[in-house]
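# A structural walkthrough
Single-letter residue listing:
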Protein chains: 4
Amino acid sequence: MIITLKRKTPDIEKEKLIHSLEQQGLRLTVSEGINFTVLGLMGDTSKIDDKRIQANQWVESVKRIDVPYKLASRSFHPEDSVIQVGNVTVGQSEPIVIIGGPCSVEGQQMMVHIAKEVKDAGGVMLRGGAYKPRTSPYSFQGMKTEGIKCMVNAREETGLPIVSEIMSADKIDEFVENVDLIQVGARNMQNFELLKELGKINKPILLKRGLANTIEEWIMSAEYIMANGNPNVILCERGIRTFETYTRNTLDVSVIPIIKEKTHLPIIIDPSHATGDYKLVEAVSLAAIAAGADGLIIEVHDNPECAWSDGAQSLKPEKFKALVAKARKVAEVVGRTL
Amino acid sequence: MIITLKRKTPDIEKEKLIHSLEQQGLRLTVSEGINFTVLGLMGDTSKIDDKRIQANQWVESVKRIDVPYKLASRSFHPEDSVIQVGNVTVGQSEPIVIIGGPCSVEGQQMMVHIAKEVKDAGGVMLRGGAYKPRTSPYSFQGMKTEGIKCMVNAREETGLPIVSEIMSADKIDEFVENVDLIQVGARNMQNFELLKELGKINKPILLKRGLANTIEEWIMSAEYIMANGNPNVILCERGIRTFETYTRNTLDVSVIPIIKEKTHLPIIIDPSHATGDYKLVEAVSLAAIAAGADGLIIEVHDNPECAWSDGAQSLKPEKFKALVAKARKVAEVVGRTL
Amino acid sequence: MIITLKRKTPDIEKEKLIHSLEQQGLRLTVSEGINFTVLGLMGDTSKIDDKRIQANQWVESVKRIDVPYKLASRSFHPEDSVIQVGNVTVGQSEPIVIIGGPCSVEGQQMMVHIAKEVKDAGGVMLRGGAYKPRTSPYSFQGMKTEGIKCMVNAREETGLPIVSEIMSADKIDEFVENVDLIQVGARNMQNFELLKELGKINKPILLKRGLANTIEEWIMSAEYIMANGNPNVILCERGIRTFETYTRNTLDVSVIPIIKEKTHLPIIIDPSHATGDYKLVEAVSLAAIAAGADGLIIEVHDNPECAWSDGAQSLKPEKFKALVAKARKVAEVVGRTL
Amino acid sequence: MIITLKRKTPDIEKEKLIHSLEQQGLRLTVSEGINFTVLGLMGDTSKIDDKRIQANQWVESVKRIDVPYKLASRSFHPEDSVIQVGNVTVGQSEPIVIIGGPCSVEGQQMMVHIAKEVKDAGGVMLRGGAYKPRTSPYSFQGMKTEGIKCMVNAREETGLPIVSEIMSADKIDEFVENVDLIQVGARNMQNFELLKELGKINKPILLKRGLANTIEEWIMSAEYIMANGNPNVILCERGIRTFETYTRNTLDVSVIPIIKEKTHLPIIIDPSHATGDYKLVEAVSLAAIAAGADGLIIEVHDNPECAWSDGAQSLKPEKFKALVAKARKVAEVVGRTL
């Protein structure tokens, strides 16, 4: 961390600040210039609050050089993490995982039917929303516990581990008992109370990037879960909000190599929410695999126009199957299996 | 709502869609063009899910004309709402409210001291964070229940109603019992489970706009609270996230007249989070009053460089007092009192 | 185009508007509802100015259904365009083109040297900036005419057609005479006077997407060139500006299938400017090919740390060569050659 | 400027870099840490290209502390600049200027008529577009030289200096001869060739902020004009592009105090383009004045629904007059005249 002090900072203020930083266990180097004094902080600065230093009226700027996270950091944990989800493993050294299923669970038969089609196409996990975050209070809010039961039943019928989104901490017991991979949605990426609670369990967490959160904030949310005791975090990019309105969101494909450089966590891509348009899902999915993604989570529905939510971005099973076949070929040429 | 069907839509598909819409109680007009068929939907479309219609493969586009909210809408409730917060009233027809206080509660003496300075400067409510949403799990997370107690004590000493942020539904009882205005922070604006629970109480809610949420999404979050039974919502703009990094966020000053046109709810502005820089707070505060804001919520701290959070954007009491005096003059020339 | 009139629009105003639209050669259907009157406009609306209609005080909203462009539109010209650049053809039905070269031309020897390495690696065109748009007036502004001469010389030595950026209309003669593919940079995407002049020549134009321009605005800028007489436009996505600061820009990979659906023009990707970081260029390049891009334009420099501009995003020749080899394999599995 | 070198940087590379920086006239301090070596650069770094240093593979990060501009900087020129436009002076110490007029010049009579109404309302300059940047090549492109003549005639009739937008360098003579304040529009803010040419004249320039340009880039564009010899620059904020689509752009009101802190140049606000909606213009105008703006440029049209461009954001003369009266009162309470 580099702290720059203003030109006319009194010596006494300089010393006060230096003393307070040294007391926090940091080593400092001081460079005196004509316009600025520069303090270089050496040591573990991950627990230093840069905004607090910035508040000092003699501080011109504070620049962090080390990353503010530790447990999620590649430098702290150089090997790729492998996360176990039921009988499936997720990670850089593992086969690419394909997760398919409807946006919302709509019933028991429907889930079994789609689960079989997902499995048949090459999918290895089943997604389905039982608790649904909807912009409007008047939209369908999910089948809730009934929906979770439909998912469990579909797992029993097909063996596919199940992924579903949690929206509040009071449902953690239900999810721990029933769900194999607990999803934190984009809107809850900085619901820190929920993250802390999910840090106390050991089920794997699928942490989606927030609508307008930076890569660093996203990793910090993973750090929340990990710092509370749960190292089993899979990151999921689902598009960010930009000025462009043609697509629902803008997929930031460059996060794939960035996450792999900065962290040891697996990263999967959600092309359905990223684009909001089923016609774009295949191209974006292949792009993600080519860029090194460890998996895809894709909305699949037999009858998109009747879907209770997000039909416009759902693939019919035959299109999903064709996509998986193409993704497998791309995976092979970039040195992965699927 | 206007639905455009693709050129070659089979008659049977057209009829199916029309039938399904009519069954939802809507009246339709059908215009046949060369390239498109256009369906105009008349009636209450606030409960129609446009994304679901969009999923129909024969639908080219769906355009909403009526707003998707009802209880928050100015057309449903033409008079300005007045929200009672302790002994203070907030609304278009009421005096402008000035809320001051530290980002984080740091102790009992400190809160009483700042509360007195806020009151002395002309503030009518006291803010203070006891539960703090922090990007890093290693940053100070708030004094929690102890912090709420310090706030209550400061209210007893000064008579100022107190505002504090809630981060999870399990604390609602504590907030209902102790806090006068319950704040939902930007990161929880779409924590729908929390919003639903806050709809079941009747304490007033200060609903901050999310980092990257549209005005419509923000009003829909107010609608969540109102649809669950609590009409006491005050909206708070605190800056949105843009490409500009010089300021912490970008204050969208135009939301003030927009919220007043679209809804009947009061709107207040948070210049401290909007700018992240105490030097900009006064200019932005005066701008907000000139544009018609019903209030300001401003961070005040005796010793910003020692603040446990957000010191860089906190005003010292004497600057806060000077700001209130100037804001009063601007209020008067735009026909308001303060 | 769908025009919605406000509830209380006087009949006389309705008739005036309908009459004025009919005079512009459009056919109208009128649907009377309780809250709104809806006018459906049939015919060629590409020359109707929707903002002008919006200015009518009785108009609630104007929604365009047909696209506002014509010559660039896939529906107007269903077959893929093939653009001839020197001896190279660019388009959906042609081999993928790889363009390599330095950000800035730095001298004659250097250009010949890099040109040979680009060709050796599999590149089919040479890029190089002679006129440089730089944020600072104090940064190197390009070798100008000398730079163009170095490019021409490198073409003579290698046979590679050359691509260079034009910054002002007064240089068009120089570019027509010397350059094979004239690039319009992101900052000039809406320099309409330049676009009009480039429409009067018949050299192919490489039109980069602006920093914060929508897909529709970008296509409209192509339309400017085409409407002035030059159909030879190649589109180039180079990342858009978002809130994320980790990368220089955010590559919008979904534009590849969108451009192919909406237009008949070729689209190539610039992973160097999109990311600003050479470590990310390979992953993003492979993603672009997998998503269907018709080409890549990549910065290559022998000695990036000595590059006169944009060294941080330049690949060394050996890395470029490795990238092309991988891109070839990805191209094959998505049914293209390279 | 602070340069951080990677941990394992060889001594020889360190020395090479230090030597090259010293040769550019800079003084350096070197701090050796465990993870990083930190170089502090003292001296005039405004001409150092930080991206070029970043390209060195041993460089971890480059952080600029001094601003990259000089002539526009408040520290270089502490007093407020006063810019003379015809008989009007613009600056922090001068009366606030109100500029009114139509988006597009539509004829001689119309211009004289509006000019009189602008003057009558308290306006001191007349705006009007003769060359129009339009997204569509099929939209009205302006009356061009005829339009400039209409503006000149309106000046003769009213004495108001005239403001008009230039779109290409080949029209500079026409503008120098006829126009009092030459506007560079948002889309040309980084048309560097145009900026350089405008630096060679001494007419004042109204430099609008680009759609998605940072404050620093905007000041750098002013620096382009100033570094080429023309110190007469007035900055104009007209809203930036964000994810919010309700308004045409988002006015960044905080730029007013920021520009005043960082530069000595006057800043005026364009509420018409910032909002795109005449109903919002008054509130946003008063906000700008309250925040310290040195002027407003507002679209005024007698008959907005017949305006040839941007009618939706134009005020009728009586509304403009009412706005000016209110703005005057706000100006007074913030210590300015108008």
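My aim in this report is to walk through the structure given alongside it, one point at a time. This is a predicted model, so every value here is computed, not measured.

Let's shift gears to the overall build of chain A. Secondary structure summary: chain A contains 11 helices and 14 strands in total. Projected onto its principal axes, the C-alpha coordinates of chain A cover approximately 75 × 45 × 40 Å. When each of the 338 residues of chain A is scored for burial, the buried share is 67%. Put simply, of all contacts in chain A between residues at least 6 apart along the chain, 67% involve residues at least 24 apart. For chain A, the computed accessible surface area is about 11,300 Å², with 48% contributed by carbon and sulfur atoms. Taking the average location of the 41 positive side-chain charges in chain A and that of its 44 negative ones, the two points are 2 Å from each other.

Once chain B is rotated about the relating axis by 180° and shifted along it by 0.0 Å, it coincides with chain D to within an RMSD of 0.1 Å. Classification of the inter-copy transformation places it as that of a two-fold axis. Ranked by how close their C-alpha atoms come to the rotation axis, the residues of chain B are headed by Ala287(B), at 1.9 Å. A shared binding surface is used by both copies, with 100% of the interface residues of chain B retained as interface residues in chain D.

This brings us to the sheet that holds strand β2 (residues 27–32) of chain B. One key point about sheets: their strands pair by backbone hydrogen bonds, in either a parallel or an antiparallel sense. Residues and elements named next belong to chain B. The antiparallel open sheet is built from four strands, whose spatial order is β2-β3-β1-β4. Where the open sheet ends on each side, the last strands, each with one partner, are β2 and β4 (59–63). If you compare each strand with its neighbour and ignore which way they point, the axes differ by 15° on average. Bridge analysis of strand β1 (residues 2–5) against strand β3 (residues 37–42) gives four bridges, and the strand direction is antiparallel. Residue Thr4 lies in a different strand from β3, and its bridge partner there is Val38.

A separate point is the interface of chain B and chain A. In this complex, chain B contributes 49 residues to the contact, which on the side of chain A involves 49 residues. For the pair chain B and chain A, the summed buried surface comes to about 4,300 Å²; carbon and sulfur atoms form 52% of the total. Between Glu217(A) and Arg241(B) there is a salt bridge; the shortest N-O distance is 2.6 Å. Our enumeration of links across chain B and chain A arrives at 18 residue pairs in polar contact (both at pLDDT 80 or more).

Residues and elements named next belong to chain B. The phi dihedral of Lys144 falls on the positive side, at around 55°, and the residue is not glycine. Examined against the element boundaries, Lys144 turns out to sit in the loop between β8 (125–127) and α4 (145–158). On the accessibility criterion, Lys144 (35% relative accessible area) is partly exposed.

Residue and element names in this part refer to chain B. Following the criterion strictly, the structure yields eight aromatic pairs over all chains and no others. Relative to Tyr224, the ring of Phe192 lies with its centre 4.7 Å away and its plane at 25°, an arrangement referred to as stacked. Pair noted here: Phe192 is in helix α6 (residues 192–198) and Tyr224 is in helix α7 (residues 215–227), with a separation of 32 residues, a long-range link. For the pair Phe192 and Tyr224, a shared accessibility class is recorded, and that class is buried. The ring of Tyr278 has Lys279 sitting right over it, with the charged end atom 5.5 Å from the ring centre.

Looking now at the side chain of Asn188(D). As for its position among the elements, Asn188(D) is in the loop between β10 (181–184) and α6 (192–198). Other than its neighbours up to four places away in sequence, Asn188(D) contacts Asn191(C), Ile166(D), Met167(D), Leu194(D) and Leu195(D).

Residues and elements named next belong to chain B. Of all five residues in strand β14 (residues 295–299), five are buried; the element is thus mostly enclosed. Here strand β13 (residues 267–269) runs beside β14; their pairing, made up of two bridges, is parallel. Paired with Ile269 across the two strands is Leu296, which belongs to β14.

All right, on to the pattern of salt bridges then. Inspection of every chain in the model, using the stated rule, returns 84 salt bridges over all chains. Asp270(D) serves as the salt-bridge partner of Lys208(D), at 2.6 Å between the closest nitrogen and oxygen. Note that Lys208(D) is positioned in strand β11 (residues 205–208) and Asp270(D) in the loop between β13 (267–269) and α9 (271–275), a separation of 62 residues in sequence. When sorted by exposure, Lys208(D) lands in the same class as Asp270(D), which is buried. Counted as one network, the salt bridges with shared partners bring together Arg209(A), Glu237(A), Asp252(A) and Glu244(C).

Take chain B, turn it by 180°, move it 0.0 Å along the axis, and it overlays chain A with an RMSD of 0.0 Å. Same-surface contact between copies: 100% of interface residues of chain B are shared with the interface of chain A.

Further remarks concern helix α7 (residues 215–227) of chain C. All names here are of chain C. Taking 1.5 Å as the rise per residue, α7 with 13 residues should run 18 Å; its terminal C-alpha atoms sit 18 Å apart, in good agreement. Within α7, 11 of the 13 residues are buried, which leaves the element mostly enclosed by the surrounding structure. Considered for burial, the residues of α7 that qualify are Ile215, Glu217, Trp218, Ile219, Met220, Ser221, Ala222, Glu223, Tyr224, Ile225 and Met226. Looking at the buried positions of α7, the neighbouring elements they touch are α6 (192–198), β11 (205–208), β12 (233–237), α8 (255–262) and β13 (267–269). Note on α7: the residue one or two positions beyond its end, Gly229, has a positive phi of about 120°.

Next up on the list: the interface of chain B and chain D. With 35 residues of chain B in contact, the opposing surface of chain D contributes 35 residues. The interface formed by chain B and chain D holds two salt bridges in total. In this structure, the salt-bridge partner of Glu244(B) is Arg209(D), at a minimum N-O distance of 2.8 Å. In this assembly, chain B and chain D are joined by five residue pairs in polar contact (both at pLDDT 80 or more). Top element by residues in the side of chain B that touches chain D is helix α10 (residues 278–290) of chain B. It accounts for seven residues.

Rules and cut-offs
Residues numbered from 1 in each chain as written. Chains lettered and ligands numbered in written order. Predicted model: local features only at pLDDT ≥ 70, side-chain atom pairs only at ≥ 80, totals over all residues. Heavy atoms only, no water. Helix = DSSP H or I, 4+ residues; strand = E, 2+ residues; numbered from the N terminus. Buried < 20%, exposed > 50% of the residue type's maximum accessible area, 1.4 Å probe, protein only. Contact = heavy atoms within 4.5 Å. Areas by Shrake-Rupley, 256 points an atom, 1.4 Å probe, with all protein chains shown as cover. Lys, Arg positive; Asp, Glu negative; His and termini not counted. Charge placed at Lys NZ, Arg CZ, Asp CG, Glu CD. Least-squares fit on C-alpha atoms with pLDDT ≥ 70 in both. Pairing = 2+ DSSP bridges. Axes fitted to C-alpha atoms, helices over the stretch in contact; angles between N-to-C directions. Buried area = accessible area lost by both parts, 1.4 Å probe. Salt bridge = Lys/Arg side-chain N within 4 Å of Asp/Glu carboxyl O. Polar contact = N/O pair within 3.5 Å; in protein donor to acceptor, adjacent residues only side chain to side chain. Phe/Tyr/Trp six-rings, centres within 6.5 Å; stacked < 30°, edge-to-face > 60°. Lys NZ or Arg CZ within 6 Å of the ring centre and 35° of its normal. Expected span 1.5 Å × (residues − 1).

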